[in-house]
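What follows is each chain in one-letter form.
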Amino acid sequence: MTTLLPDDRAISSSSSTSSGDWWRTAVIYQIYPRSFADSNADGIGDLGGIRSRLPYLAALGIDAVWLSPFYPSPLADGGYDITDHRDVDPRLGTLEDFDALLADAHRLGLRVIIDVVPNHTSEQHPWFLAALASPPGSPERERYIFRDGTGPDGSEPPSDWRSHFGGSAWQRTPDGQWYCHLFAREQPDLNWDNQQIRDHFIETLRFWADRGVDGFRVDVAHSLAKDLSHPLRSQPHLDSRLPLDGSDPLYDREEVHEIYRSWRTVFDEYDPPRMAVAETWHPTSSRTYLYARSDELGQVFDFSLLKAEWHPGQFRDVITRSITDHAGVDGGLTWVLSSHDVPRHATRYALPVGTDLDAWLSSNGTALVIDEETACRRARAATVMMLALPGSAYLYQGEELGLLEVADLPTDQLRDPVYERTGHRLKGRDGCRVPIPWTPEGGSFGFGDDGAWLPQPEWFGSCAVSVQDGRPESSLELYRQAIALRRELRAAGATGPGDADISFAWVDSGDPQVLRFARGDGWECIVNFSANPVPLHGEVLLRSDSRPGSLLAPDTAAWVRPV
Ligand code: GLC
Ligand code: CA
């Protein structure tokens, strides 16, 4: 089914610094380890499973995989609650398994990026257990953010801070003090004013970089530096736009950049330098790109495309803004359509503009039955467009199969803390985390030899890898073709090693429903959002449908070389 790549794609540990910029134009594939492949039939995806599927990933043509957390975790938040930053959860494997996975990936020409989660630990982390066992004011408590309560008997939380998962961001402990958690109660926030915390993460980065890891995705990167001065300030912006002067008490403060400058010095000790990408979930602003400065992380996720609906004006605006705001920052552009935190893009694009996604999910997808063909057409078009944009593209496992969101997971099977913490108002993120199908049959559609930790729907079988493999009209083959052609066109058009590839210009298509842009290397991308076919001129290099001819159907995109 899969083909191995020629040796010249293999990455040796002594790759020269000229390859240090590989991430600027990379296609990076996100793996949610528990849901990718299960090697020992316990229903949980693991490192052995990922390792066995590396040839599939190499044949997909991607440059790197990003592994969401595989560290020891009680799973209060899908692995983003960690008890040891330098080990592997025994259910997922061992450090030796990790080394073997990394070595195999490098042999196949794939780089490996891992998640680093510095804002919080698990409540089961030895540090937090020690903090609970120690008195107020003790050094153990100083690693976290403990405060006395307010009100006459201290029974009110220390401030109005809210958790992203619902409810107060403060939890009271048996001795009456409160601790801060911007996410689940089981994820106490670390105190980054404490030098011990800073040193610990520097050592953690070295621990993994020494093993050969190529880069890091930094979780909630903008929230480490907080204004903890007394009295605690009010939190005005939970998920809304942040002030542009870095004055929010909790997010995107000026001081957070010092932390990343210190990380950069560590990354640059390696050859090639380790890459990093920041996650900041607040609405993108011109400040978002500061994390991508070359003396900091180099890249930051721009989620504005992922947050856009299927609408030419929205797509056009976010692309323009991203490219404009990014100018002047030496870092790399990023594009994302799907991740482990949002409903899959095929499903999103089949819903009318303005649909309340949360309400739709809460109805188990029954509030409006989506047209699967529309979903599939639009998802394919968006991918073809994203892969034509300058910069790097992040894919999320299963999107290459055209998977839809599993909107009807039974509520008693949900694992995302969001469901409970919002009093069942929000269903949460499990619908995009269902273990992916590899074969049309079997206990878990080839995910493992038995079941899967989240129930897979019947229709998953028809989307399986083996069903799509070799079928030219399949989503999987479109991804393979598009990624290969992108690589080829870039190689042909590159002006030198590490070509930043920022050349991009909108071209007037004559129809606001049709987006058209030119790349500096002589080809164009056209996306038809209108209800009518539009003529294609020039040499068609790639199209998101499999129809031949000189017309571009509605909800379709193409790459064209003008003649
Ligand atoms: C990030 C992760 C998300 C997690 C949160 C807390 O947003 O992507 O999955 O729940 O951080 O760690
Ligand atoms: Ca397993």
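In this text the structure is predicted, and so the values were computed from the model without any measurement.

**Side note on the overall build of the protein chain**
- Of regular secondary structure, the protein chain possesses 14 helices and 18 strands.
- What you see for the protein chain is a C-alpha radius of gyration of 23 Å, in line with the 24 Å of a compact globule of 563 residues.
- Taken along its principal axes, the extent of the C-alpha atoms in the protein chain is 75 × 50 × 45 Å.
- In the protein chain, which comprises 563 residues, the share counted as buried stands at 60%.
- Considering only intrachain contacts with a sequence separation of at least 6, the fraction spanning at least 24 residues in the protein chain is 68%.
- By element, 51% of the accessible surface of the protein chain is carried by carbon and sulfur atoms, the whole surface being about 20,800 Å².
- Charged side chains of the protein chain number 52 positive and 83 negative; the gap between the two group centres comes to 2 Å.

**Description of the coordination of the calcium ion (ligand 2)**
- At 2.2 to 2.4 Å from the calcium ion (ligand 2) lie its protein donor atoms, namely D38 (OD), N40 (OD1), D42 (OD), I44 (O) and D46 (OD).
- All donor residues of the calcium ion (ligand 2) come from one chain, and their arrangement in sequence is D-x1-N-x1-D-x1-I-x1-D.
- N40 gets classed as partly exposed once you look at its relative accessible area, which sits at 46%.
- Classification of D46 by relative accessible area gives buried; the value is 2%.

**Description of the site of ligand 1**
- Around ligand 1, a shell composed of 14 residues is seen, among which D77, D219, E279, H340 and D341 lie nearest.
- For ligand 1, an oxygen atom lies 2.9 Å from a polar atom in the side chain of H120.
- H340 places a polar side-chain atom, nitrogen or oxygen, 2.9 Å from an oxygen atom of ligand 1.
- Against a free-state accessible area of 300 Å², the protein chains account for coverage of 96% of ligand 1.
- Among the residues making up the shell around ligand 1, the classes are represented as four nonpolar, three polar and seven charged.

**Some details on the packing of helix α3 (residues 95-107) against helix α5 (residues 195-211)**
- Contact geometry of α3 with α5 gives a least axis separation of 10 Å together with a crossing angle of 55°. It follows from the interaxial angle that α3 and α5 lie oblique. Counting all contacts with α3, which are made through L95, F98, D99 and L102, the residues of α5 involved are F207, W208 and R211.
- Class assignment for the residues of the contact of α3 with α5 results in five nonpolar, no polar and two charged.

**Observations concerning the nonpolar core**
- Core analysis: the largest hydrophobic core is formed by 140 residues, its most contacted members being Y29, W263 and W559.
- Here this core takes seven residues from helix α14 (residues 475-493), the largest share from any one element.

**Concerning the sheet that holds strand β18 (residues 556-561)**
- Strand order in this open sheet of five strands is β12-β13-β14-β18-β16, and the pairing throughout is antiparallel. Of all strands in the sheet, those with a lone pairing partner are β12 (504-506) and β16 (539-543), marking the two edges. The average angle at which neighbouring strand axes cross in this sheet is 25°, direction not considered.
- Note: strand β14 (residues 524-528) against β18, five bridges, orientation antiparallel. Paired with I526 across the bridge in β18 is A558.

**Focus on the packing of aromatic side chains**
- Across all of its chains, the model carries 35 aromatic pairs by this definition.
- The interplanar angle of 90° and the centroid separation of 5.2 Å between the aromatic rings of Y260 and W263 together place this pair among those described as edge-to-face. On the criterion of helical spacing, the pair formed by Y260 and W263 is a turn pair, its members being three residues apart in helix α6 (residues 256-267).
- Members of the aromatic cluster, each reached through a chain of ring pairs, are W66, W281, F301, F303 and Y394.
- Lying over the aromatic face of W438, R53 brings its terminal NZ or CZ to 4.0 Å of the ring centre.

**What about the sheet that holds strand β11 (residues 392-396)?**
- Pairing is parallel in the open sheet, where eight strands are placed in the order β9-β8-β7-β3-β2-β1-β11-β10. Where the open sheet ends on each side, the last strands, each with one partner, are β9 (298-300) and β10 (334-336). Adjacent strand axes in the sheet meet at a mean angle of 25°, parallel and antiparallel pairs treated alike.
- Along the sheet face, α3 touches β2 (64-67) and β3 (111-116) and points at about 140° away from the line of β3.

**Let's talk about the confidence of the model for the protein chain**
- Per-chain confidence: the protein chain averages 94 in pLDDT, with 95% of residues scoring 70 or above.
- At the level of individual helices and strands, the protein chain shows its lowest average pLDDT in α14, which scores 94, and its highest in strand β1 (residues 27-31), which scores 99.
- This stretch, residues 1-8, has a pLDDT under 50; its non-local contacts, to residues over four places away or in other chains, come to 13 contacts.
- Long-range and interchain partners of residues 12-18, a stretch whose pLDDT sits below 50, account for nine contacts in this model, where long-range means more than four residues apart.

**What about unusual backbone geometry?**
- With omega at -5°, the peptide bond leading from H230 into P231 counts as cis.
- Backbone torsion omega between D271 and P272 reads 0°, so that peptide bond is classified as cis.
- Of note, P272 is situated in the loop between α6 and β8 (275-278).
- Phi is positive for F445, which is not a glycine, with a value near 50°.
- In this structure, F445 sits in the loop between α12 (417-421) and α13 (465-468).

What counts, and at which threshold
Residues numbered from 1 in each chain as written. Chains lettered and ligands numbered in written order. Predicted model: local features only at pLDDT ≥ 70, side-chain atom pairs only at ≥ 80, totals over all residues. Heavy atoms only, no water. Helix = DSSP H or I, 4+ residues; strand = E, 2+ residues; numbered from the N terminus. Rg over C-alpha atoms; globule rule 2.2 N^0.38 Å. Buried < 20%, exposed > 50% of the residue type's maximum accessible area, 1.4 Å probe, protein only. Contact = heavy atoms within 4.5 Å. Areas by Shrake-Rupley, 256 points an atom, 1.4 Å probe, with all protein chains shown as cover. Lys, Arg positive; Asp, Glu negative; His and termini not counted. Charge placed at Lys NZ, Arg CZ, Asp CG, Glu CD. Donors = N, O, S within 2.8 Å, 3.2 Å for Na, K, Ca; no water. Near = heavy atom within 4 Å. Polar contact = N/O pair within 3.5 Å; in protein donor to acceptor, adjacent residues only side chain to side chain. Nonpolar A, V, L, I, M, F, W, Y, C, P; charged D, E, K, R; others polar. Axes fitted to C-alpha atoms, helices over the stretch in contact; angles between N-to-C directions. Parallel < 35°, antiparallel > 145°, perpendicular 65-115°, else oblique. Core = buried A, V, L, I, M, F, W, Y, C linked by side-chain atoms within 4.5 Å. Pairing = 2+ DSSP bridges. Phe/Tyr/Trp six-rings, centres within 6.5 Å; stacked < 30°, edge-to-face > 60°. Lys NZ or Arg CZ within 6 Å of the ring centre and 35° of its normal. pLDDT = per-residue confidence, 0-100.

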